[in-house]
Every structure is written in structure tokens, then in C-alpha cells.
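Single-letter residue listing:
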Amino acid sequence: MSGVFEVQHPLIACHLTRLRDESTPSPEFRQLVNRLASLLAYEATKDLHTEPVTVQTPLARTEGRRLTQRIGLIPILRAGLAMVDPVLELIPSAEVWHLGLYRDEETAKPVKYYSKLPAERPVDVALILDPMLATGGSVVAALTTLRDWGVPHVKLLSLIAAEEGVKLVESTFPDSQIYVCHIDPDLNDRKFIVPGLGDAGDRIFNTVNDAG
Ligand code: PRP
């Protein structure tokens, strides 16, 4: 099922508020990204395929389930790195394939500088991890790369998105699924999400914050 899912949950709303706050320091910011990524991943993985399996408990044999699909986590460097550990914690068998993209400061267009994706054997389901979806250019570049790899099902997990970026992704890749904590209305003249949270990469890695 394709579409945009803005996940409504009181814990998401509260953690997101702290994430937005400019006074939240980098260590807490990382913890909040971690929590929100877990909550988003819980929602985004509800339709993963499983098959029955029998286990022997200390008392009896019983039926359970196990995943049948190869899951790939695709963090977009840098900021997406902060979402890897919490999602791997939920899906320990997932594979992690890194993609490096940054936005050119002048044009706001994505520049690809690293790809660890192999040429063959695409995963069954790819989860793109990136805290921010602004113009959508970076995600469209990532989706194009995953389509070329041959991934049949792609889900994007972003903490904050701008309406403009969501529309671009929906129109360019109508089969994709977008899971977000919140969709903000605007981009400023530097293509930062407003109200947003500033520059996620800088706040995660405690580097210069020039989002103002
Ligand atoms: C940010 C963010 C996304 C991208 C979103 O990365 O993490 O990857 O910008 O913008 P877009 O939707 O307009 O393409 P950034 O370029 O700041 O790189 P970083 O993660 O290294 O900080």
C-alpha cells in the first residue's frame, strides 16, 4: 500500500517537540532521534511478511512467526546514520547499505558522493533512513538509485518533512511509502524546513549550526 503516513502518537508529539527546540543539546538530540526512529520503524514495518515457525519453549511446542523478506536499511549520510542503530535493534537481521548525499548549498540540489549498494541481489524491502525531507531532491535521488538496484518495495522514514518534498516524492515515485512524524508547511529561501528543527546533521554531530 503506497501513500504518506503522518504517524499520530502522543510520544512522537512530545519527543518531536524537544527535537525542534533550539535549546536541546546534541546528546539529547541524538537520543530523541533514536526514540523517534524506533517509533516510526514500528509503524513502517507492520506489513512485513512472516511465515509460521514452531519453537520449543521450556514447557511445550508452540507456533510463532519469522520474517521471510530481506530487509535493507539505507541511511542517507550523514544524518541518516543516527537512525540506523534503533532500527537495527528492531530488525537485527537487516542489511545496512550506505548512501552518501549532501545538498549543494547554492542550488539545494543533491550531490551523490558515496554508494555502498552492490550491483546485484537487491533486498526485498528497503527502508530509507533520513531525518529530513525538505525539497525531496535527496530522497528522489535515493529512490532512483534503489529502483535501478531493483528493490521492489521502498519505505522512507523521515522525522520531519516539508509539504513540497512530500509532493515531489509522491509524484515521482507513486508506489513509495512515506512515514513521517510531522509534515511542516514551508521551506525558507535557503530550503530549510520551517518551523522544522534546523540542520539535523549538524545537531546530531554537534557541528556548526547555520540553519538560521
Ligand atoms: C539534509 C537531510 C537530507 C537533505 C534533505 O542533509 O539530512 O539528506 O538535507 O534535503 P532535500 O530534501 O532538500 O534534499 P544535508 O545535505 O544537510 O547533509 P548532512 O546529512 O550531511 O548534514
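Keep in mind it's a predicted model, so treat the numbers as computed, not measured.

The next subject is helix α1 (residues 10–20). For α1, every residue scored as buried is listed here: Ile 12, His 15, Leu 16 and Leu 19. Summarising the axial view, the buried residues of α1 lie within an arc of 105 degrees, below the 170-degree limit, and thus occupy one face. Turned more than 90 degrees away from the buried face of α1, the exposed residues are Pro 10 and Thr 17. Those residues of α1 that are buried are in contact with α2 (26–44), β10 (153–162), β11 (177–184) and α6 (200–205).

Attention now goes to the packing of aromatic side chains. This structure, assessed with the given rule, holds three aromatic pairs. Seen in terms of ring centroids, Phe 5 and Tyr 179 are 4.7 Å apart; in terms of plane orientation they differ by 20 degrees. Their pairing is stacked. With a gap of 174 residues between them, Phe 5 in strand β1 (residues 3–6) and Tyr 179 in strand β11 connect regions that are remote in the sequence. For Tyr 179, a relative accessible area of 6% puts it in the buried group. For the ring pair Trp 97 and Trp 149, a centre distance of 5.8 Å and an interplane angle of 75 degrees mean the geometry is edge-to-face. Of this pair, Trp 97 sits in the loop between β5 (95–96) and β6 (99–103) while Trp 149 is found in helix α4 (residues 137–149), placing the two residues 52 residues apart along the sequence. This pair shows no difference in class: Trp 97 is buried, exactly as Trp 149 is. One residue, Arg 103, lies across the ring of Phe 192, its end atom 5.8 Å from the ring centre.

What follows concerns the site of the ligand. Taken together, 15 residues are adjacent to the ligand, and Arg 103, Asp 130, Ala 134, Thr 135 and Ser 138 come closest. At 2.8 Å from an oxygen atom of the ligand is found a main-chain nitrogen or oxygen belonging to Ala 134. Within the contact set of the ligand, an oxygen atom lies 2.5 Å away from a side-chain nitrogen or oxygen of Thr 135. Contact with the protein chains hides 91% of the accessible area of the ligand, taken as 500 Å² for the molecule alone. Of all the secondary-structure elements, those providing two or more residues to the shell around the ligand are β6, β9 (132–133) and α4. Broken down by class, the residue content of the shell around the ligand amounts to six nonpolar, five polar and four charged.

Moving on: the packing of α4 against helix α5 (residues 163–172). In the contact formed by α4 and α5, the axes pass within 9 Å of each other and the chain directions differ by 25 degrees. Classed by the angle they form, the pair α4 and α5 counts as roughly parallel. Along this stretch, α4 crosses α5, giving a crossing that reads as right-handed. Where α4 abuts α5, its residues Gly 137, Val 139, Val 140 and Leu 143 lie against Leu 168, Val 169 and Thr 172. Considered class by class, the residues forming the contact of α4 with α5 number five nonpolar, two polar and no charged.

Looking now at the nonpolar core. Leu 19 and Leu 127 are the most contacted members of the largest nonpolar core, which has 38 residues in total. Of all the secondary-structure elements, those providing two or more residues to this core are α1, α2, β4 (71–77), α3 (84–90), β8 (125–129), β10, β11 and α6. Of all the elements, α2 adds the most residues to this core, at eight residues. Not counting residues within four places of it along the chain, the set of residues in contact with Leu 19 comprises Phe 29, Leu 32, Val 33, Leu 36, Leu 159, Leu 197 and Arg 203. Counting residues in hydrophobic clusters, the runner-up holds 26 residues, among them Val 123, Val 139, Leu 143 and Val 154.

A word on α4. With 13 residues, α4 ought to run about 18 Å at 1.5 Å a step, and its terminal C-alpha atoms sit 19 Å apart, in line with that. When α4 is considered as a whole, its buried residues turn out to be Gly 137, Ser 138, Val 139, Val 140, Ala 142, Leu 143, Thr 145, Leu 146 and Trp 149. Gly 150 sits one or two residues past α4 and shows a positive phi near 100 degrees.

About the criteria used
Residues numbered from 1 in each chain as written. Predicted model: local features only at pLDDT ≥ 70, side-chain atom pairs only at ≥ 80, totals over all residues. Heavy atoms only, no water. Buried < 20%, exposed > 50% of the residue type's maximum accessible area, 1.4 Å probe, protein only. Helix = DSSP H or I, 4+ residues; strand = E, 2+ residues; numbered from the N terminus. Arc of directions from axis to C-beta. Contact = heavy atoms within 4.5 Å. Phe/Tyr/Trp six-rings, centres within 6.5 Å; stacked < 30°, edge-to-face > 60°. Lys NZ or Arg CZ within 6 Å of the ring centre and 35° of its normal. Near = heavy atom within 4 Å. Polar contact = N/O pair within 3.5 Å; in protein donor to acceptor, adjacent residues only side chain to side chain. Areas by Shrake-Rupley, 256 points an atom, 1.4 Å probe, with all protein chains shown as cover. Nonpolar A, V, L, I, M, F, W, Y, C, P; charged D, E, K, R; others polar. Axes fitted to C-alpha atoms, helices over the stretch in contact; angles between N-to-C directions. Parallel < 35°, antiparallel > 145°, perpendicular 65-115°, else oblique. Left-handed = near helix turned anticlockwise from the far one by under 90°. Core = buried A, V, L, I, M, F, W, Y, C linked by side-chain atoms within 4.5 Å. Expected span 1.5 Å × (residues − 1).

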